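# Architecture at a glance
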Amino acid sequence: MTDLTRLSAADLASQLSTGEISSVEATRAHLERIADVDGDVHAFLHVSDHALDVAADIDRRRAAGEHLGELAGVPLAIKDVLVTTDMPSTSGSKILEGFLSPYDATVVARARAAGLVPLGKTNMDEFAMGSSTEHSAYGPTHNPWDLDRIPGGSGGGSAAAVAAFEAPIALGSDTGGSIRQPAHVTGTVGMKPTYGGVSRFGAIALASSLDQVGPVSRTVLDSALLHDVIGGHDPHDATSLTDAWPSFAAAAREGASGEVLKGLRVGVIKELPDSGFQAGVSASFRGALALLEAQGAEIVEISAPHFEYGVAAYYLILPAEASSNLAKFDSVRFGLRVDVPGGTVEDVMAATRDAGFGDEVKRRIILGTYALSAGYYDAYYGSAQKVRTLIQRDFDAAFAQVDVIATPSAPTTAFKLGEKIDDPLQMYLNDVTTIPVNLAGVPGISIPSGLAEEDGLPVGIQFIAPAREDARLYRVGAAAEALLVDSWGGPLLDRAPLLGGNR
Ligand code: GLN
């Protein structure tokens, strides 16, 4: 029998629908894979102890002739930032150790209703702050391409689970790049939808004006299929758009023919300097553009002069919003409480937050509280918001000239665990090309563009579209993916020396 962990979600779904395989078989294969490799990868913080029961129930319902969703019976990994009633939700923090939510995040509820089978909760940087998962309170995740390297962050667990064939698809969240940068360093696909396109109800908030939930997968079609399940209006989320969205899976299927590339105007940002980008990343990016051009795409140089100030603005806006969002972890309402005999309420709160939060979280709370304090608010938060507007205007002007913008998804390939952990500024620069997308609220997708020549590690290309044009990204992403996979003679991950050999 074929190894079911090697199949895409779309292929699993079609074999499930014809009865060739059962959900129990598909789920068991992935649980065995997790048991086999997760000791090395550490993608999961929690593995469900009833996934096989859920799968058996789907099989029963299918056998009874019930009409099930397209992905029914397909296993799914869930980033630990999303709350779940049947598994703990920690957001990678000690302060929420063992926390059980009284409700499911909307995206989780929708995935369950569509018959997806939750496998477990994936590792992440604490409260989604980071680019390497090294800020997880539960230890880092390791990149399946090279276990000494980072899997990206904050959603390194979801990306590594998908790259290591522990799950066919996963849910992530992206505030400044946490879906796309892990995709880039693990050779997978990650999509950050238009702000408001996917519900954040039950996503533990980092920075509310930036957070988006989205899909993680090995193929563009799989992300589109999952996006179709989780997307759309949610009355529980005040920022949720009421748009009627097209089928993203239909867009991805249509895109795969490559027709869309004829005459497609692809913008390349002239102000993005080559310096700061690893040579192999730039080369892979240019190689992908050349392939697109050969199929009839037009590469257009555009100007986005404020793009490069995104990181600076983000590191004022994000800490400001995070310091407010994290105020609710006060020892009273959720999770950890450190008792201080004879102490005041404030003493208990301070002791709890001191013990429960890690260094990066404390750093950002301090920074955010300072930036919002009376007298500094205008100078810091106010200025950052103005820069944000300028970046949005850059995108508006660019999209008057081009259909999509392309950038490398991150400046370097996966770096070594420990390499940047003591240098927050270096860590922050990982998101130089992803952050402006969150600041503008537009959608962005990262797909593999190849391997960097100097280290043989994966590189991603990011496509960005105007707000609400998520379907365009699936069309273009699927077209680019088909071209690239063809040029490699097969998917990148199928040829990867994963986990130090043929495991
Ligand atoms: N790496 C970025 C940060 O540390 C992005 C985080 C995210 O998207 N959640 O903030």
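The numbering scheme is per chain: residues are counted from 1 as the chain's sequence reads. The predicted nature of this model means local features are confined to residues of pLDDT at least 70 and side-chain atom pairs, given and counted, to a pLDDT of 80 or more, with totals for whole chains, interfaces and linings taken over all residues. Side-chain calculation: all heavy atoms of the structure are included, whereas hydrogens and water are not.

Here we take up the nonpolar core. Among the nonpolar cores identified, the biggest contains 86 residues, and Leu82 and Phe127 are the most heavily contacted of them. Beyond its immediate chain neighbours, meaning those up to four positions away, Phe127 contacts Ser91, Ser93, Ile95, Leu96, Ile204, Leu206, Leu326, Phe329, Phe357 and Val361. Side-chain atoms within 4.5 Å link the members of a nonpolar core, which is a set of buried Ala, Val, Leu, Ile, Met, Phe, Trp, Tyr and Cys residues. The buried label goes to any residue with under 20% of its type's maximum accessible area, the exposed label to any with over 50%, and the partly exposed label to all in between, with areas taken from a 1.4 Å probe on protein chains only. Grouped together as the second largest cluster of nonpolar side chains are 64 residues, Ala51, Ala160, Phe248 and Leu289 included. Two residues form a contact once any of their heavy atoms are found within 4.5 Å.

Close contacts around the ligand come from 16 residues, with Thr175, Gly176, Ser178, Tyr314 and Asp431 the closest. Between the ligand and Gly130 there is a distance of 2.8 Å, counted from an oxygen atom to a backbone nitrogen or oxygen. In the model, an oxygen atom of the ligand is placed 2.7 Å from a nitrogen or oxygen of the Thr175 main chain. Calculation on the ligand without its partners gives an accessible area of 300 Å², and the protein chains cover 100% of this total. Gly is placed with the polar residues, together with every amino acid not listed as nonpolar (Ala, Val, Leu, Ile, Met, Phe, Trp, Tyr, Cys and Pro) or charged (Asp, Glu, Lys and Arg). Split into classes, the residues belonging to the shell around the ligand amount to six nonpolar, seven polar and three charged. For this purpose, a residue is taken to be near a molecule or strand whenever a single non-hydrogen atom of the residue falls within 4 Å of it. Between N or O atoms, a polar contact is any pair within 3.5 Å; within protein, one atom must be a potential hydrogen donor and the other a potential acceptor, and residues adjacent in sequence are included only when both atoms are from side chains. Each accessible area value is a Shrake-Rupley result obtained with a 1.4 Å probe; residue values ignore everything except the protein chains displayed when judging cover.

For strand β7 (residues 265-269) and strand β8 (residues 298-302), the ladder comprises five bridges, and the chain directions are parallel. What sits directly across from Ile269, in β8, is Ile302. Look down the strands so they point away from you; if going from the first strand over the helix to the second traces a clockwise path, that crossover is right-handed. The way it works is that DSSP assigns letters per residue, a run of H or I at least four long becomes a helix, a run of E at least two long becomes a strand, and they are numbered from the N terminus. With helix α9 (residues 279-294) bridging β7 and its parallel neighbour β8, the resulting β-α-β unit is right-handed. Pairing between strands is defined by DSSP: at least two bridges between them are needed.

Attention now moves to the environment of Ala496. Note that Ala496 resides in the segment after α16 (470-488). Here the alpha-carbon distance between Ala496 and Gly202, two residues 294 residues apart in the chain, equals 35 Å.

Within the secondary structure, Ser8 is located in the segment before α1 (9-18). From its side chain, Ser8 meets the backbone nitrogen of Asp11 in a polar contact 3.1 Å long. Beyond its immediate stretch of four places on either side in the chain, Ser8 contacts Arg218, Thr219 and Asp222.

Looking now at the packing of aromatic side chains. Any two rings among Phe, Tyr and Trp, with Trp reduced to its six-membered ring, count as a pair given centres within 6.5 Å; such a pair is stacked if its planes are under 30 degrees apart, edge-to-face if over 60, and tilted if neither. Considering all chains together, one arrives at 15 aromatic pairs under this definition. When the centroid spacing of 5.9 Å and the interplanar angle of 75 degrees are considered together, the rings of Phe127 and Phe357 count as edge-to-face. With Phe127 in the loop between β3 (117-122) and α5 (156-163) and Phe357 in the loop between α11 (345-356) and α12 (359-372), this pair connects stretches of sequence that are 230 residues apart. Here the two residues Phe127 and Phe357 agree in accessibility, since each one is buried. An angle of 15 degrees between the planes, with centres 6.1 Å apart, marks the rings of Phe395 and Phe399 as stacked. In this pair, Phe395 and Phe399 both sit in helix α13 (residues 378-399), four residues apart, roughly one turn of the helix.

Attention now moves to the packing of helix α7 (residues 220-230) against α16. Where helices are involved, their axes are fitted lines through C-alpha atoms of the stretch in contact, as for all axes, and angles between N-to-C directions lie from 0 to 180°. Interhelical geometry of α7 versus α16 gives an angle of 160 degrees and a closest axis separation of 9 Å. Classified by the angle between their axes, α7 and α16 sit roughly antiparallel to one another. Packed against α7, whose contacting residues are Val220, Ser223, Ala224 and His227, the element α16 presents Asp470, Tyr474, Gly477, Ala478 and Glu481 at the interface. In terms of residue class, the contact of α7 with α16 is made up of four nonpolar, three polar and two charged. Each angle receives one of four descriptions, namely roughly parallel if under 35 degrees, roughly antiparallel if over 145, roughly perpendicular if within 65 to 115, and oblique otherwise.

Turning next to the sheet that holds β8. The mixed open sheet is built from eleven strands, whose spatial order is β1-β3-β2-β4-β6-β5-β10-β11-β9-β7-β8. The strands lining the two open edges of the sheet, one partner per strand, are β1 (44-47) and β8. Neighbour-to-neighbour, the strand axes of the sheet open up by a mean angle of 30 degrees, direction not taken into account. With three bridges joining them, strand β2 (residues 75-79) and strand β4 (residues 169-174) adopt parallel strand pairing. Its bridge partner lying in β4, Ile78 is registered against Leu171.

Salt bridges are identified by distance alone: a Lys or Arg side-chain nitrogen within 4 Å of an Asp or Glu carboxyl oxygen. One pass over the structure, following the stated rule, counts 20 salt bridges. Note that Arg112 is salt-bridged to Asp104, the shortest N-O span being 2.8 Å. Accessibility expressed as a relative area gives 24% for Arg112, which makes it partly exposed. By relative accessible area, which is 17% here, Asp104 ends up buried. Measuring nitrogen to oxygen at the nearest pair gives 2.2 Å for the salt bridge that ties Glu360 to Arg363. Separated by three residues within a single helix, Glu360 and Arg363 lie in helix α12, roughly one turn from each other. Residue class for Arg363 comes out partly exposed when judged on its relative accessible area of 33%.

Turning our attention to a nonpolar patch on the surface. To count toward a patch, a residue needs a relative accessible area over 30% and no salt bridge; like charges are then connected within 9 Å, while nonpolar side chains (Val, Leu, Ile, Met, Phe, Trp, Tyr) are connected within 5 Å. There is a patch of nonpolar side chains on the surface, built from Tyr370, Tyr376 and Tyr380 and spanning about 280 Å² of accessible area. Considering the arrangement of structural elements, one finds Tyr380 in helix α13. For Tyr380, a relative accessible area of 31% puts it in the partly exposed group.

Below, the discussion takes up α9. Here the expected span of a helix is defined as 1.5 Å times the quantity of residues minus one. For α9, with 16 residues, the first-to-last C-alpha span of 23 Å sits near the 22 Å given by 1.5 Å per residue. Listing the buried residues of α9 in full gives Gly280, Val281, Ser282, Ser284, Phe285, Ala288, Leu289 and Leu292. Where α9 terminates, the next one or two residues include Gly296, which has phi positive at roughly 105 degrees.

Reading predicted coordinates in detail is not appropriate for stretches of low pLDDT. Here pLDDT means the predictor's own confidence in every residue, given as a number from 0 to 100. Here the protein shows a mean pLDDT of 96. Residues at 70 or above account for 99%. Summarising per-element confidence for the protein, the mean pLDDT is lowest in helix α14 (residues 424-428) (92) and highest in β2 (99).

What follows concerns the environment of Leu439. Inspection of the secondary structure puts Leu439 in helix α15 (residues 435-440). In this structure the C-alpha to C-alpha distance between Leu439 and Leu210, which are 229 residues apart in sequence, comes to 6.4 Å.

Taking 1.5 Å of rise per residue, the 13 residues of helix α3 (residues 51-63) would be expected to cover 18 Å, and the 18 Å separating its terminal C-alpha atoms lies within 8% of that figure. Contact partners of the buried residues in α3: α2 (23-41) and β3. Backbone geometry just downstream of α3 places Gly65 in the positive-phi region, at approximately 85 degrees.

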